Amino acid sequence: MPLKDLWRRSAREVRGMVKEGKVTSLDLIDECEARWKATEKFINATPIPCFDLARYKAAELLKSENFRKNIESSNSGGYLFGLPVVVKDTLAVEGVRFTEGSQVYRDRIASYSDPVVEVLERNGAIVIGKSNTSEFAAGSNTFNNVFGTTYNPFQTAKTAGGSSGGSAAALAAGQCWLAVGSDLGGSLRIPASFCGVVGLRPSLGIVPRSHPADTCPSPEELHSVNGPLARNCGDLELLLRAMKSTQGWTPECHPPENIFDLSPAEAEGRWLASQRIAWTPNLGLDIPVHQEVSSSFSSSVDWFRSQGCEISQAHISLEAGPDAFLILRAIDFAKVHNKRQRSMCKPEIQWNAELGDEIIGNTEILERGWSILKRMRHQIDSMMNTYSHNGNNTSDPIDFLITPTVFLPPFDASIRYLSRFESKQFGNYIDWLAFTSAVSLLNRPSISVPCGMTADGLPIGLQIIANSHRDLDVIRLASLFESAHQFESLVPLEAIQHNIGDPTAVSLDVDGPRTSEEARIHHFG
């Protein structure tokens, strides 16, 4: 493959080429810029490029002692050797525009770098741009009044998901090898599912926090976490290793010291066959699942069964999850967004923050939210520590829980959020995130990996969940699934797809507001 096609290669392959002296970080930046110029006008994924700053940083890196030591080392771990990375525009990069997708900060230039960016740069990453985000990362369709809408490279009429949709779309289009996002209710996993890439919501304490240092995060709370996105599971693990740090987390959130140590590997087939996997088509939620998503998920369950895994249906119900998520999220929004700032935000954020104002002073609602959270976690703890197969309880734990990442394929990008899917009505802009937001409440690592395609060529994702700090095991299981199905060949796309899809394919029966005024009426009446 000629060097001009570097963008097609994996991050691990390109990293190896840099270490061997076949290419330099500057070559990689040139490749990314060329691909960005060829694709950005169609998808609007990375509206804040910083290629000149990246070249300056790369030149400094090449002269550094740290770079030289890692070049000479036989064990350079998660060091990236100047590999370009795109980061979500919710993370500050010193000297680069930092809008968070909001008119509130449309002209702000960051005077510091986020802890995640600092850790990445210490590990040899070069930031080449900021990816588009939903305003203040609120909502799972990436659009805002600063840069507009991000479009899905598989079909540009469709949403890329959100709020890390820019990062996922950039990966799928070949603008970069690695990207960073964040996830509160699904903002890494939903875009990964919609764009045919891999996204991990890590365990607490694995990746630095971006929140103020004067807060004391507890493992009992609901947290937004920063995390990696990549085109395949091997590249995702590489990026996670480059991001790892306990910075900003209290000791009770810290992982075991050996979490990234891999024991001498047994045969992968033997390891896979020893896994106990529970599956659920909908987490017990009262939400229909699209026919093609259901079919791909069933095929995924059958594959794990064919590999010798002990498979059982999980009879669980996280039906109260959306209510608890709404309560805890609203409290956070009320604290973060003051009344003056809210007036400049989209109506969805205004509603969310005002709801938080009401909840903060209502002990009964607060207690209901925490009670639901505790019941859900107890239910999952019980399931994953007492395995039930054919009605017989044993002391063997469940290793993984699997479910569809999203209950439907990508929908029309002009719809701000779903207010209805088939017979199911959604009362606000976050209710439709239930397959991922309910899992967020569990504070466990969860990954979205491609598991199929619709008849008209849109990706479908599988969500895999494990116990806290088993992040590498989640990636390992996803990697074996990915390799067997060759889904990593889906991206990067050779060309951005502008077609509207196969007219004979199963259609999406959805509704949702398309304007700010329609969203305001839906939330405020």
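Our structure's up above, just so we're on the same page.
Attention here is on the structure that accompanies the text.

Rules behind the numbers
- Residues numbered from 1 in each chain as written.
- Predicted model: local features only at pLDDT ≥ 70, side-chain atom pairs only at ≥ 80, totals over all residues.
- Heavy atoms only, no water.
- Phe/Tyr/Trp six-rings, centres within 6.5 Å; stacked < 30°, edge-to-face > 60°.
- Helix = DSSP H or I, 4+ residues; strand = E, 2+ residues; numbered from the N terminus.
- Buried < 20%, exposed > 50% of the residue type's maximum accessible area, 1.4 Å probe, protein only.
- Lys NZ or Arg CZ within 6 Å of the ring centre and 35° of its normal.
- Expected span 1.5 Å × (residues − 1).
- Arc of directions from axis to C-beta.
- Pairing = 2+ DSSP bridges.
- Contact = heavy atoms within 4.5 Å.
- Axes fitted to C-alpha atoms, helices over the stretch in contact; angles between N-to-C directions.
- Parallel < 35°, antiparallel > 145°, perpendicular 65-115°, else oblique.
- Nonpolar A, V, L, I, M, F, W, Y, C, P; charged D, E, K, R; others polar.

### What about the packing of aromatic side chains?
Inspection of the entire model under this criterion finds 17 aromatic pairs. Taken together, a centroid distance of 6.0 Å and an interplanar angle of 85° make the contact between Y105 and F136 edge-to-face. Pair noted here: Y105 is in the loop between β2 (83-88) and α5 (115-122) and F136 is in the loop between β3 (125-131) and β4 (143-144), with a separation of 31 residues, a long-range link. Y105 gets classed as partly exposed once you look at its relative accessible area, which sits at 26%. Both rings, one in F411 and one in W432, keep their centres 5.4 Å apart while their planes meet at 80°; by these two values the pair is edge-to-face. One end of the pair, F411, is in the loop between β15 (400-404) and β16 (420-421); the other, W432, is in the loop between β17 (424-425) and α15 (434-440), and 21 residues separate them in sequence. Among the aromatic residues, ring-to-ring pairing joins W303, F304, F481 and F487 into one connected group. R108 extends its terminal NZ or CZ atom over the ring of Y105, reaching a point 3.7 Å from the ring centre. Between R470 and the ring centre of F400, over which it is positioned, the NZ or CZ distance is 5.1 Å.

### Quick look at helix α3 (residues 51-62)
Spanning 12 residues, α3 covers 16 Å between terminal C-alpha atoms, matching the ideal 16 Å at 1.5 Å per step. Among the residues of α3, those classed as buried are F51, A54, A58 and L61. One side of α3 holds all its buried residues, which, seen down the axis, span an arc of 75°. In this structure, α3 carries D52 and Y56 as exposed residues pointing more than 90 degrees from its buried face.

### Digging into the sheet that holds strand β12 (residues 310-313)
The strand order across the open sheet formed by 11 strands is β1-β3-β2-β8-β10-β9-β18-β19-β15-β11-β12, and the pairing between neighbours is mixed. Two strands in the sheet have a free side with no partner beyond their single neighbour: β1 (48-49) and β12. For β1 and β3, the ladder comprises two bridges, and the chain directions are antiparallel. Looking across to β3, one finds that P49 is bridged to G129. Running at roughly 10° to strand β18 (residues 446-453), helix α16 (residues 471-485) makes contact with β9 (198-201), β11 (276-279), β15, β18 and β19 (459-465) of the sheet.

### Concerning the packing of helix α10 (residues 291-306) against α16
Relative placement of two packed helices is described by the angle separating their axes and the distance separating the axes. Taken N-terminus to C-terminus, the directions of α10 and α16 make an angle of 100°; their axes are 12 Å apart at the nearest point. Classified by the angle their axes make, α10 and α16 are roughly perpendicular. Residues S300, W303 and F304 of α10 form the contact with α16, whose own contacting residues are L477, L480, F481, A484 and H485. Looking at the contact of α10 with α16 residue by residue, the classes come out as six nonpolar, two polar and no charged.

### Things to note about the environment of L458
Tracing the sequence through the fold places L458 in the loop between β18 and β19. By relative accessible area, which is 3% here, L458 ends up buried. Counting along the chain gives 89 residues from L458 to G369, while the straight-line C-alpha distance between them is 36 Å. Ignoring sequence-local partners within four residues, the contact set of L458 consists of F154, Q155, K158, P410, G452 and M453.

### Considerations on the packing of α5 against helix α8 (residues 233-243)
Put simply, α5 and α8 touch, their axes get as near as 8 Å, and they point 105° apart. Taken together, the axis directions place α5 and α8 in an arrangement best described as roughly perpendicular. Judged by residue contacts, V116, V119 and L120 of α5 engage L239, A242 and M243 from α8. Classifying every residue of the contact of α5 with α8 gives six nonpolar, no polar and no charged.

### Describing unusual backbone geometry
Put simply, G162 and S163 share a cis peptide bond, and its omega is 5°. Structurally, S163 can be placed in the loop between β7 (155-159) and α6 (165-173). A cis amide bond links V491 with the next residue in sequence, P492, at an omega value of 0°. Looking at where P492 falls in the secondary structure, it is placed in the loop between α16 and β20 (510-511). Its identity as a non-glycine residue notwithstanding, A137 has a phi of 60°, on the positive side. Inspection of the secondary structure assignment puts A137 in the loop between β3 and β4. In this structure A137 comes out as partly exposed when scored by relative accessible area, which is 22%. Residues other than glycine seldom take positive phi values, yet N443 does so here, at roughly 55°. Structurally, N443 can be placed in the loop between α15 and β18.

Geometry only, nothing functional implied.
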